[in-house]
Structure formats: C-alpha cells, structure tokens
Amino acid sequence: MSDTKRLGERAQNLIDALATISADKDALTRLYLTSEHKRAAMLVGEWMRRAGLIVRMDAVGTMHGLQAAGAAGPRSKKRLLLGSHIDTVVDAGRFDGNLGVVAAIVAVEELKAREMALPFELEVLAFGDEEGVRYPKTLISSSTIAGIVEPAVFDLVDREGMTMRSALAEFGGDPSHLASEAYSRADILGYLEVHIEQGPVLDQAGEALGVVTAIASQGRYRIHVRGEAGHAGTVPMAIRHDALAGAAEVITMIEEVGRAGAKDSLVATVGQIRAMPGAGNVIPGVAEFSLDVRASADEARVAAVAEIRRRVRQIGLRRGVVIGVETMQEKPVALTAPRLRRAIAAAIAETTGKLPREIMSGAGHDGQAMIRLTDIGMIFVRCRAGISHNPVEFVSIDDMGLAVEALVKTIMAIAHEGAPP
Ligand code: GLV
Ligand code: MN
Ligand code: MN
C-alpha cells in the first residue's frame with residue numbers, strides 16, 4: 001500500500017470513529033459543550049496521548065496535544081499550531097472540522113514514524129466551537145487562545161435558556177481562567193489547518209488539494225421583530241401587526257440584497273427562525289431570526305448590511321412593527337500568510353506533482369480568530385460536488401491521504417526554513 005493510501009485509511013478510521021458520537025441516532029449533530037462534544041473531546045485526547053502528545057483540556061473545552069521540540073536550537077521553545085474543530089452543524093457531514101483534527105493527529109503519528117526531530121514544539125488543537133450553532137457566536141475556542149474572547153459571551157443563552165457559563169461548568173471548563181489560556185505571539189510560529197473546501201472548485205477542476213488565500217469577510221446578526229399578538233380568527237387583516245409576516249418580508253428583502261452582490265461573492269442567509277407565542281391560532285407577536293452575511297471584501301459586506309438595515313426600517317414603519325438588528329459578530333477578511341502559502345503550495349506540488357490552485361474560502365474557519373495571534377495557513381481538500389453542512393458530504397480516502405502527506409511536508413518545510421522572519 002502506498003504511504004498516502006495508508007495515511008488516508010488511518011484518517012478514515014478516525015473520522016468514522018468520531019462520526020459515531022452524535023446527539024441524534026440517525027444523524028451527526030455535535031454541538032459545543034454537550035455530552036457528545038465531551039465524548040468526542042475525550043476520544044481525541046486518547047488519540048493524542050497514543051501519538052505521544054502531552055494532553056490537556058483548556059478552560060473552554062479545547063483539547064491540546066503538545067509535543068516538545070525534538071532538537072535543540074533557537075526555536076526549541078517556539079510552537080507550531082495545527083488544528084480544527086470537532087463541533088458540527090445539525091445533521092452534519094463527518095469531515096467538516098473533524099478532518100482537520102484527524103489530519104493533524106495522523107501527521108504527528110507519521111512524523112514520529114519517520115523519526116523527524118522537529119526544532120520546535122508542535123501542538124494539535126481540537127476546538128469545540130467553530131460553528132456557532134448552539135450559541136449565536138462562533139470561534140469561542142480559537143478566540144480564547146488568541147486572547148480575543150469577550151467574557152460577555154459566557155452570558156449568552158441557548159434555545160433551552162442555558163447560559164454558556166453553566167454549560168461550560170457542566171462540561172468541566174472554567175471561564176474564570178480565560179486570561180491564562182491566551183497564547184503570546186512571540187511564542188508561536190504559525191497556525192496550519194487542513195479543511196474540506198466546502199465548495200465545488202477543486203472537484204470541478206479534478207484536483208485533490210488547494211491552498212487558501214483568504215477567509216471571507218463575515219457578519220452574524222440577530223433580527224427581532226416585535227408586532228402584536230392577537231386572535232387568528234377575529235383580528236381583521238387590515239389592522240394586524242403580524243411579526244412573522246414582517247419577518248417574511250425582511251427575509252425576502254435580504255435574499256434580494258444578497259443576489260445583487262454577486263461580483264463581490266456576497267451571500268446573505270437566514271438559517272434559523274422562531275415565532276412567538278407559536279400557536280396555529282395566534283397572530284405572531286414576536287419573530288426572531290438569524291442573519292449571516294459574507295463577501296470577498298469587507299466594504300461589500302458592510303455596504304450590504306447597511307442596505308439591509310435601511311430597508312428594515314422602511315418595512316418596520318410600513319407594517320407598524322418594531323424591528324431591531326443586533327450585531328452578534330463581525331470578522332474582517334483573514335488573509336493567509338504568504339510564507340505559509342508558499343510552504344503549503346510547495347508541499348502540495350511535491351505530494352501531487354502539480355502546483356495547487358489558490359482558493360478564497362467563503363466558509364468561516366478558526367483561522368479568522370487565530371490570525372489575531374499568528375500567521376495562518378490552510379490546505380483545502382476536495383469534497384464531492386462541493387457539498388458540505390449536509391450528511392452526504394464526502395472526501396475520498398486517497399484525498400485525505402494526500403492532505404496528511406502535504407501537511408507533513410509543510411511542517412518539514414517550516415522546520416527547514418530557519419528562524420522566522
Ligand atoms: C462554518 O462552517 C461557517 O462557515 O459558518
Ligand atoms: Mn469547518
Ligand atoms: Mn462548518
């Protein structure tokens with residue numbers, strides 16, 4: 001069996017083991033700070049330990065697996081970070097995030113098997129919150145390491161009314177130790193992540209791997225519509241202030257704004273909605289929904305959100321409902337570091353025989369937080385038809401093997417590159 005086939009088989013085994021850990025019997029759902037997240041974290045910790053890493057869980061539930069430098073030198077106390085996330089969306093595919101953690105662990109195993117003594121520390125990170133599904137903020141785990149998490153996030157509540165603080169306490173974490181979890185820029189050499197592309201570019205090009213140039217500008221918002229609840233049988237249509245009907249008009253308007261921004265890869269999505277009080281014979285008095293806006297440039301995203309806010313005011317006035325747009329988070333475009341891009345491209349070329357194409361990521365990634373700490377670099381892996389956030393998400397064993405090999409070669413290239421600039 002070729003080396004890459006063997007690495008791919010190993011990655012597939014770990015991916016399949018992780019995919020059995022879910023809140024749903026017939027689907028993969030693993031949200032931040034749930035018992036499923038804990039079981040997945042413990043399993044990943046066990047794999048890290050077996051790979052020879054020193055394992056710990058941090059204050060927000062991230063699993064860390066550390067390997068000391070294998071050779072003395074000026075970088076022996078510096079650290080190269082590898083990682084991704086082990087939380088999933090609802091009814092998810094098994095590769096999003098999980099592949100990045102698995103690829104990092106298999107790469108560490110392989111470096112050990114090849115007796116590579118690295119001149120720096122290597123640390124694998126398995127983040128617990130990249131998706132931001134349970135709570136309306138993303139990247140809690142990577143933001144903690146980057147030292148940019150705001151303590152107020154721990155007061156956010158999930159759909160059951162449980163605060164992140166309580167969920168974290170149940171999980172075994174402790175937000176009062178946040179400050180000590182932040183890494184210092186001077187100690188870190190960079191952050192590398194393997195991730196499925198979640199788009200069709202590589203699949204259509206017939207290429208296994210790509211190098212990421214940047215992660216799109218992204219904003220997440222919550223929109224609240226307050227109307228007037230009433231009897232569905234007695235209140236005439238002309239005098240209603242139906243919050244859900246108002247929400248429907250806003251959502252259609254958001255889609256229109258999104259469609260108008262194709263040149264900047266603008267996308268606008270409402271993925272979650274709730275109407276209250278929520279009975280078939282009651283006019284909704286309140287509606288709340290999410291809004292996710294992304295673009296290839298910050299200016300395009302900011303302009304789209306301003307346009308949405310302007311038209312929201314008009315709709316609210318016309319319908320006699322009060323509509324508020326609350327900003328949950330805004331992340332600018334995150335550019336990958338040219339030096340890591342070059343190292344990744346060379347590693348992919350050596351692995352696949354072809355220089356990789358450069359791809360901009362429309363999906364969000366932990367690199368958006370890690371960039372506040374250090375240089376980021378990402379390897380994209382082809383996924384069938386570009387489908388992700390969907391149970392049919394698929395990556396071949398061969399492509400996973402190539403991704404691990406390219407990661408190993410990137411780490412070796414950084415090891416040979418001497419002192420960082
Ligand atoms: C995460 O997958 C995101 O892009 O929202
Ligand atoms: Mn992901
Ligand atoms: Mn995802």
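All of these numbers come straight from a predicted model, not from anything done at the bench.

Engineer: Can you help me understand the overall build of the protein in this one?
Structural biologist: Along the protein, the regular secondary structure elements total twelve helices and 16 strands. For 421 residues, the compact-globule estimate of 2.2 N^0.38 gives 22 Å, and the protein sits close to it at 23 Å. The C-alpha extent of the protein, read off along each of the three principal axes, is 80 × 45 × 40 Å. Taking the intrachain contacts of the protein between residues at least 6 apart in sequence as the baseline, contacts between residues at least 24 apart amount to 79%. Counting only carbon and sulfur atoms, one obtains 54% of the accessible surface of the protein, whose full area is about 17400 Å². Taken as two groups, the 47 positive and 53 negative side-chain charges of the protein have centres that lie 2 Å from each other.

Engineer: When you look at the coordination of the manganese ion (ligand 3) in this model, what are you seeing that I'm missing?
Structural biologist: By definition of the ideal shapes, a tetrahedral metal site with four donors has angles of 109.5 degrees and an octahedral site with six donors has angles of 90 or 180 degrees. Within the protein, D96 (OD), E131 (OE), E131 (OE) and H389 (NE2) serve as the donor atoms for the manganese ion (ligand 3), at 2.0 to 2.6 Å. Separating the manganese ion (ligand 3) and the manganese ion (ligand 2) is a distance of 3.5 Å, and D96 donates to both of them. Residue E131 is found in the loop between strand 4 (121-127) and helix 4 (140-146), and its partner H389 is found in the loop between strand 16 (376-381) and helix 12 (397-416); the two are separated by 258 residues along the sequence. Its relative accessible area of 5% is what places E131 among the buried residues.

Engineer: When you look at the side chain of D129 in this model, what are you seeing that I'm missing?
Structural biologist: Its location among the elements puts D129 in the loop between strand 4 and helix 4. Although buried, D129 forms no salt bridge, and the nearest oppositely charged side chain, R220, lies 7.5 Å from it. A distance of 3.2 Å separates a polar atom in the side chain of D129 from the backbone nitrogen of G132. Leaving out residues up to four positions away in the same chain, D129 has contacts with Y32, D87, K137, T138, L139, I140, S141 and D366.

Engineer: Is there a simple way to explain the coordination of the manganese ion (ligand 2) in this structure?
Structural biologist: Within the first shell, the manganese ion (ligand 2) binds the protein through H85 (NE2), D96 (OD) and H195 (NE2), at distances of 2.1 to 2.3 Å. Here the donor residues of the manganese ion (ligand 2) share one chain and are spaced in sequence as H-x10-D-x98-H. Under the relative-accessibility criterion, H85 is labelled buried at 0%. Classification of H195 as buried rests on a relative accessible area of 0%.

Engineer: What am I meant to see in the pairing of strand 2 (residues 63-67) here?
Structural biologist: Two faces, one strand: in a regular strand the side chains alternate between the faces of the sheet. Within strand 2, five of the five residues are buried, which leaves it mostly tucked inside the rest of the structure. Here strand 2 shows no split at all, with M63, G65 and Q67 on one side and H64 and L66 on the other all buried. Examined bridge by bridge, strand 1 (residues 54-57) and strand 2 share four bridges and lie antiparallel to one another. Bridge pairing in strand 2 links R56 to H64. In this antiparallel pair of consecutive strands, strand 1 and strand 2, the connection spans five residues, and G61 shows a positive phi of 90 degrees. Relative to strand 4, strand 2 runs antiparallel, the two sharing five bridges. Each residue of the ladder has a partner; that of H64, found in strand 4, is L125.

Engineer: Even after reading the chapter, I still don't get the pattern of salt bridges, so can you show me in this structure?
Structural biologist: Working definition: two side chains of opposite charge can pair if their charged atoms are close together. In the structure shown here, the tally under the stated rule is 34 salt bridges. For R50, the salt bridge is made with E46, and the minimal N-O distance between the two is 3.3 Å. Taken together, the residues R50 and E46, both in helix 2 (residues 35-50) and four residues apart, mark about one turn of the helix. The exposure class assigned to R50 is exposed, which follows from its relative accessible area of 63%. For E46, a relative accessible area of 29% gives the class partly exposed. Here R294 ties to D292 by a salt bridge, and the two come within 2.8 Å at their closest N and O atoms. On the accessibility criterion, R294 (16% relative accessible area) is buried. For D292, a relative accessible area of 13% gives the class buried. One salt-bridge network, held together by shared partners, links D3, R6, E110, R114, E405 and K409.

Engineer: Can you walk me through the environment of L53 in this structure?
Structural biologist: Mapped onto the fold, L53 is located in the loop between helix 2 and strand 1. A relative accessible area of 5% places L53 in the buried class. Separated by 299 residues in the primary sequence, L53 and T352 place their C-alpha atoms 29 Å from one another. Non-local contacts of L53, meaning those with residues more than four positions away in its chain, are made with M48, G65, L66, Q67, V108 and V124.

Engineer: Whenever I open this one, the site of ligand 1 confuses me. Can you help?
Structural biologist: Around ligand 1 lies a shell formed by E130, E131, R220, R294, A363, G364 and H389. Within the side chain of R220, an N or O atom sits 3.1 Å from an oxygen atom of ligand 1. Within the side chain of H389, an N or O atom sits 3.2 Å from an oxygen atom of ligand 1. Isolated, ligand 1 exposes 190 Å² of accessible area, and the fraction of that covered by the protein chains is 94%.

Engineer: Which parts of the structure should I look at to understand the pairing of strand 4?
Structural biologist: With respect to burial, strand 4 is a largely interior element, seven of its seven residues being buried. Alternating positions in strand 4 separate into two faces, E121, E123, L125 and F127 on one and L122, V124 and A126 on the other, with burial throughout. Taken together, strand 3 (residues 79-85), helix 3 (residues 98-113) and strand 4 constitute a β-α-β crossover, and its handedness is right-handed.

What counts and how
- Going along each chain's sequence as written, the residues are numbered from 1 onward.
- Whichever chain is written first becomes A and whichever ligand is written first becomes 1, with later ones labelled in order.
- It should be noted that, the model being predicted, local features are given only for residues of pLDDT at least 70 and side-chain atom pairs only at 80 or more, the latter also being counted only at that level, while totals for whole chains, interfaces and linings use all residues.
- To get the side-chain values, take all heavy atoms of the structure and skip hydrogens and water.
- Labels follow the DSSP assignment, with helices taken as runs of H or I lasting at least four residues and strands as runs of E lasting at least two, numbered in each case from the N terminus.
- Taken over C-alpha atoms, the radius of gyration is set against a globule rule of 2.2 Å times the number of residues to the power 0.38.
- Residue contacts follow a heavy-atom distance rule, with two residues in contact if any of their heavy atoms lie within 4.5 Å.
- The protein chains shown are the only cover counted for residues, whose accessible areas, like all others here, come from Shrake-Rupley with a 1.4 Å probe.
- The sign given to each residue is positive for Lys and Arg and negative for Asp and Glu; His and the chain ends receive no count.
- To locate a charge, the coordinates of NZ of Lys, CZ of Arg, CG of Asp or CD of Glu are taken.
- Only N, O and S atoms count as donors, using a 2.8 Å limit from the metal and a wider 3.2 Å limit for Na, K and Ca, and since water is excluded some coordination spheres may look unfilled.
- Throughout, exposure labels follow a simple rule: accessible area from a 1.4 Å probe, protein chains only, divided by the maximum for the residue type, with under 20% read as buried, over 50% as exposed, and the rest as partly exposed.
- By definition here, a salt bridge exists when the distance from a side-chain nitrogen of Lys or Arg to a carboxyl oxygen of Asp or Glu is within 4 Å.
- Polar contacts here mean pairs of N or O atoms no more than 3.5 Å apart (in protein, one a potential hydrogen donor and the other a potential acceptor; neighbouring residues in sequence count only if both atoms are side-chain atoms).
- Here the rule is simple: two strands pair whenever DSSP picks up at least two bridges between them.
- Near residues are defined by distance, with any heavy atom within 4 Å of the molecule or strand qualifying the residue.
- Crossovers are described as right-handed under a simple rule: with the strands pointing away from the observer, the path leading from the first strand over the helix to the second runs clockwise.

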